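So you can see what is in the structure, the chains are spelled out below.
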There are 2 protein chains.
Amino acid sequence: MAKFTTGAVIPVLEGALADGPRTLYTQLYDRVRQAILTGALPLGHRLPSTRTLAADLGVSRNTVEGAFSQLQAEGFLVRRVGAGTFVAEAGPEYYRTPRVPRVARRSSAPVPTRPRGRDALSERGRRTAAIALGPDSAGTHPLVPCLPALDAFPVRTWQRVVARRVRRGGRDLLHYGAAEGYRPLREAVATHVATARAVRCDWRQVMIMTSTQQVLDLVARLLLDAGESAWVEEPGYRGARAAFLAAGARLVPVPVDEDGVIVDAGVARAPDARLAYVTPSHQYPLGGALSLARRLALLAWAHRRGAWIVEDDYDSELRYTGRPLASVQGLDTAGRVVYVGTFNKVMYPSLRLAYVVLPPDLVDLFAAARQQFDGHTPTLLQAALADFIEAGHFVAHLRQMRLVYRERRDAFLAAVAEELAPRIRLGACDTGMHLTGWLGEGVDDLQVVDRAARRGVALRPLSTHYLGPDRRPGLVLGYSSAPPAVTRRALRTLSAVLDA
Amino acid sequence: MAKFTTGAVIPVLEGALADGPRTLYTQLYDRVRQAILTGALPLGHRLPSTRTLAADLGVSRNTVEGAFSQLQAEGFLVRRVGAGTFVAEAGPEYYRTPRVPRVARRSSAPVPTRPRGRDALSERGRRTAAIALGPDSAGTHPLVPCLPALDAFPVRTWQRVVARRVRRGGRDLLHYGAAEGYRPLREAVATHVATARAVRCDWRQVMIMTSTQQVLDLVARLLLDAGESAWVEEPGYRGARAAFLAAGARLVPVPVDEDGVIVDAGVARAPDARLAYVTPSHQYPLGGALSLARRLALLAWAHRRGAWIVEDDYDSELRYTGRPLASVQGLDTAGRVVYVGTFNKVMYPSLRLAYVVLPPDLVDLFAAARQQFDGHTPTLLQAALADFIEAGHFVAHLRQMRLVYRERRDAFLAAVAEELAPRIRLGACDTGMHLTGWLGEGVDDLQVVDRAARRGVALRPLSTHYLGPDRRPGLVLGYSSAPPAVTRRALRTLSAVLDA
């Protein structure tokens, strides 16, 4: 027990110091400081000598000496030779009255208190918080869209590639990297998108990012001013809407049919939009492919108006029937298309590697902005992915995933036909990892989602993908992440929910 | 040579297809498509039969068939049974006249062309581009500040830890991670900052980010509205200024002396600022430590006004004399401090791992915003760093780096004394990886930097760290990244430059 030479025992300094990860020094330092800040040790109060305190607490004198020196260095204690150690008298208001309410009461100035929590944010912060979409789904959820078949990911091969890259990379990979990305990966991406997607680009136009979402955020910040219009598909991808909204843009919903977004409707509604966000290979969520006529009409509008086209080419590698349509970017002759792709679905979600192919005259500006916003993507993972592609593992993996997903899709179609028809009508199904399940008119898809969640099955409603009031009920159904037997069980639960 | 059954040879289709990585199919597809888009193959033109074309080009009929099917699927070609294959007649304006100038000339509507390059950006994009600071230095530059001693990084140990984590992590680490970060790393950071920096926090307040710059960007976007004021140190860290400027904030330069930022001056100039950015452990670039009195005054102001304090605690682990001062965060009792630290300097720059300790009621909102802006940081590297810390390697590494840097600092001080005194006067030198070298009044530090660059020595001028007109000439000199002999050679070059 600490006995103080200058009066009453200070309760906060009492008690043996504990064994454990925090050093005795730190514990003592904390106690004394806390005692000063809370006022338990008054200003000017004399402390026991280091010898006395060390004996009282059963610690070495060095420990006490260390704590006192530190507190002295920080201005909490004053040590006067021959007189002893004192709690410092100096220090502003806050020091003497650490708790805010007391500061507020004592202050003679008016106290404009700011509200807490969400309201403590800036207006921009509140807007961002209001449109935030919640986390991506971790784990396996058989009917949630856009989750890859991690059970089929070649994890051993990937491990070997990463381990080898770590071993061989040595110190060269430790330095700051370029904001544009690691050159061998940029080259590999340029070759991949040229071959697989008919994207026309030089590797210098490729920038490595962490996710499609990061690309959309950067695009919104650099190409859109607050109040400017952006076309978004209706129904459409909510992540894109959130990115443009966070930038203060005005969203113009452009309706979609089985040939993708109806470009003429966009031109009629907002010819002066600054940007159009489209998913031409596989419209999200409905699944149509944008027809060539519309691709060309979209480009003609963008060229005429100097607008930007953001082509989100997600899932384009996963086409099961026929060949994928070539990219809009490859048809562009005037540098109006920003082409976006990601490895986070075809590889695995926690990899955090995506890419954007930029018109040549935007590259330097995007790189400078990205440098300022978050620097660059970790070099080790970029280098490992470049190795994985270079060694042919990526193409082999894509081929394998196409087989796995086609098999899962076929099993899914069969299961829906047996378990759910005719209560659900399925949309396009020749590409990707999900499809649309239309519910009957008047069914409330949010209620279906709620009821299924209570039975342990996660679902994504279609209606939230609409901006306007003209919403059709349905579900965006994934079939990619779980083995067919698991998916079928989930579909049975959904069937029970629809019957309830 | 291709012989066309319907007239003149089309030059673009001529010539043998090349061996190489692109398939014959892709090459033929590209040629035909390009010929259509450029108008070399006119609308309605009949193409040779697949048999004829295959024979002419010396490829299999399947190859031609594949290319034609694809072009048909995309709407470029029309195939009529019994009649042959034709270039499609349909398609909008752009299809027929792919180059923009021609579109522009043909269009009867007025053509509001947007300027190209930097001017094609939004106003926000232009502002961001204008304030962007350029890339971080890769490689070893003996006198550039903030570059770690990568020659002393325990690269073998790190390789072992990553390789083991990759092997053992299996599939569990592949799923989407939390925006807040990987829990074991958040816990390790919470323990580290509590022990080393007297930060008071629960692990749930720790968010893993990619860099200090990313934290500052997020802070600026969520806590500052355009037009609001932010205190920045004068002179101060340019990255922070850039982040706040990009958010449209008004910067209030608050002067700095040897005890850090002069809080009273800030209160006098902009009492209603929304936020104060400070480097209390080691003022950047001058090197002073913020006195306790000023720490408490800063907190008192923030509490009274409901303002935010952004505490950038860079370099705080690297103190060579005495103990580091405890953090401002640890003195805060009202949740007004956002505490920022990074692993990109004490570990290595391309790691891309940093952290922020948030007041509890900001955590959910920051996580939601980060989720939307870029998702999360790659899980593998977070897990490996958690292992590295857990196994004690991180503490050992810090201890080792303190020795290395102290040695390099001592050698640097000796070399400056011999080679450069009295033309350069050095500032505070008891912490970190750099110090200030003051030049005589009237010396133009930008000119010194230019002249040294021409002799192959990179330097950072001090004057660009000031916002206001009252700039003192100097250099921000690093001594951390190169061995002493290399640094001394660079200092000799600097000496020659100053004599010139």
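These numbers were taken from a predicted model, which means no experiment stands behind them. (Residues numbered from 1 in each chain as written. Chains lettered and ligands numbered in written order. Predicted model: local features only at pLDDT ≥ 70, side-chain atom pairs only at ≥ 80, totals over all residues. Heavy atoms only, no water.)

### A word on the sheet that holds strand β4 (residues 206-209) of chain B
Strand pairing within a sheet occurs via backbone hydrogen bonds; the two strands may be parallel or antiparallel. Spatial strand order, β4-β11-β10-β9-β8-β5-β6-β7 (chain B): eight strands in an open sheet with mixed pairing. Bordering the open sheet on either side are β4 and β7 (260-261) of chain B, each of which pairs with just one other strand. (Pairing = 2+ DSSP bridges. Helix = DSSP H or I, 4+ residues; strand = E, 2+ residues; numbered from the N terminus.)

### Some details on the relation of the copies chain B and chain A
Overlaying chain B with chain A gives an RMSD of 0.1 Å, the required rotation being 180 degrees about an axis along which the chain moves by 0.0 Å. Such a combination of rotation and displacement between the chain copies is what one expects of a two-fold axis. Of the C-alpha atoms belonging to chain B, the one lying closest to the rotation axis is found on B:Ala163, 2.5 Å away. Of all interface residues in chain B, 98% are interface residues in chain A too; the two copies therefore contact each other through one and the same surface. (Least-squares fit on C-alpha atoms with pLDDT ≥ 70 in both. Contact = heavy atoms within 4.5 Å.)

### Structural notes on empty space enclosed by the protein
Empty space left among the atoms is revealed by rolling a probe the size of a water molecule over them. Under the counting rule described, the total for this entry stands at nine cavities of 30 Å³ or more. What the largest cavity holds in volume is close to 170 Å³. As for the largest cavity, its lining consists of 16 residues, of which A:Gln214, A:Asp217, B:Gln214, B:Asp217 and B:Phe373 are closest to the centre. When residues of the lining of the largest cavity are traced back to their parent elements, those giving at least two are α9 (212-223) and α13 (363-374) of chain A together with α9 (212-223) and α13 (363-374) of chain B. (1 Å grid on protein atoms, 1.4 Å probe; cavity = no way out; pocket = protein on both sides within 12 Å on 5 of 7 lines; lining within 4 Å. Points joined across faces, edges and corners; volume = space filled by probe spheres on them.)

### Here we look at the layout of surface pockets
Residue and element names in this part refer to chain B. Space inside the largest pocket adds up to approximately 1200 Å³. Forming the boundary of the largest pocket are 45 residues, of which Thr-191, His-192, Thr-195, Ala-196 and Arg-197 lie nearest the centre. Considering each element in turn, the lining of the largest pocket owes the most residues, nine residues, to helix α8 (residues 183-197). Looking at side-chain class alone, the lining of the largest pocket contains 20 nonpolar, ten polar and 15 charged residues. (Nonpolar A, V, L, I, M, F, W, Y, C, P; charged D, E, K, R; others polar.)

### Digging into the pairing of strand β15 (residues 474-478) of chain B
Residues and elements named next belong to chain B. The element β15 is extensively covered by neighbouring structure, given that five of its five residues are classed as buried. Because side chains alternate across β15, one face comprises the buried residues Gly-474, Val-476 and Gly-478, and the other comprises Leu-475 and Leu-477, equally buried. In terms of strand pairing, strand β13 (residues 434-439) meets β15 through five bridges, oriented antiparallel. Looking at β15, one finds that Leu-435 is bridged to Leu-477. Sheet topology places strand β14 (residues 460-461) next to β15; two bridges connect them, and they run antiparallel. (Buried < 20%, exposed > 50% of the residue type's maximum accessible area, 1.4 Å probe, protein only.)

### Quick look at the confidence of the model for chain A
All names here are of chain A. Summing up the model confidence of chain A, the mean pLDDT is 86 and the portion of residues at 70 or higher is 89%. Low pLDDT, under 50, characterises residues 1-11; the stretch is placed with 25 contacts to residues that sit more than four places away or in other chains. Segment residues 91-118: pLDDT under 50, and 56 contacts once partners within four positions in sequence are set aside and those in other chains are kept. Scoring of the predicted complex yields 0.83 for pTM and 0.82 for ipTM. (pLDDT = per-residue confidence, 0-100.)

### Points about the environment of A:Asp264
Within the secondary structure layout, A:Asp264 lies in helix α11 (residues 263-269). Among the residues examined, A:Asp264 registers a relative accessible area of 60% and is labelled exposed.

### Concerning the packing of helix α7 (residues 155-169) of chain B against helix α14 (residues 379-390) of chain B
Residue and element names in this part refer to chain B. For the pair α7 and α14, the least separation of the axes is 9 Å and the interaxial angle reads 120 degrees. Compared by their axis directions, α7 and α14 come out oblique. When you trace α7 past α14, the crossing you get is right-handed. Here Thr-157, Trp-158, Val-161, Val-162, Arg-165 and Val-166 of α7 come into contact with α14, specifically with Leu-380, Leu-381, Ala-383, Ala-384, Leu-385, Asp-387 and Phe-388. Taken together, the residues that form the contact of α7 with α14 break down as ten nonpolar, one polar and two charged. (Axes fitted to C-alpha atoms, helices over the stretch in contact; angles between N-to-C directions. Parallel < 35°, antiparallel > 145°, perpendicular 65-115°, else oblique. Left-handed = near helix turned anticlockwise from the far one by under 90°.)

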